[in-house]
Amino acid sequence: MTEACIECAENAGCVQLELEAVAENKTALALYRSVGFVEYGRNPKGFRSRVSGWQELVLMRLEL
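My aim in this report is to walk through the structure given alongside it, one point at a time. (Residues numbered from 1 in each chain as written. Predicted model: local features only at pLDDT ≥ 70, side-chain atom pairs only at ≥ 80, totals over all residues. Heavy atoms only, no water.)

In this structure, Gln 55 sits in strand β3 (residues 53-63). Non-local contacts of Gln 55, meaning those with residues more than four positions away in its chain, are made with Val 22, Glu 24, Asn 43, Pro 44, Lys 45, Gly 46, Phe 47 and Ser 49. (Helix = DSSP H or I, 4+ residues; strand = E, 2+ residues; numbered from the N terminus. Contact = heavy atoms within 4.5 Å.)

The following block contains the structure:
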C-alpha cells in the first residue's frame, strides 16, 4: 500500500513526500526506510500521548 501511495504521488506530479513517525515505532521507521524515505530531523516533543507523555517524532522525506 505504501508503494501504491508513492506511485500515486509521482503520477500527480509531486516532487517530494514528507512524513513523521514516533521514534519508538521501529517497525514503521524500517518500512519507510525500505521504500526510500530518509530522516532529516527530529522533534523531541512532537507528539503528546495521554498514556506515556511526550514522544519524539522522526521527520522523514522521500524525493520523487
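By size, the foremost hydrophobic cluster in this structure holds twelve residues: Ile 6, Ala 9, Leu 17, Leu 19, Ala 21, Ala 23, Leu 29, Val 35, Phe 37, Val 58, Met 60 and Leu 62. Breaking this core down by element, the ones donating at least two residues are α1 (2-11), β1 (16-22) and β3. If we skip the residues at most four places from it in the chain, Ala 21 touches Leu 29, Tyr 32, Glu 56, Leu 57 and Val 58. (Core = buried A, V, L, I, M, F, W, Y, C linked by side-chain atoms within 4.5 Å. Buried < 20%, exposed > 50% of the residue type's maximum accessible area, 1.4 Å probe, protein only.)

Spatially, β1-β3-β2 is the arrangement adopted by the three strands of the open sheet, whose pairing is antiparallel. Unpaired on one side and paired on the other, β1 and β2 (38-49) mark the two borders of the sheet. The mean inter-strand angle of the sheet, taken between neighbouring strand axes irrespective of direction, is 25 degrees. Inspection of the sheet shows β2 paired to β3 by eight bridges, in the antiparallel sense. Residue pairing in the sheet places Gly 41 in a bridge with Leu 59 of β3. (Pairing = 2+ DSSP bridges. Axes fitted to C-alpha atoms, helices over the stretch in contact; angles between N-to-C directions.)

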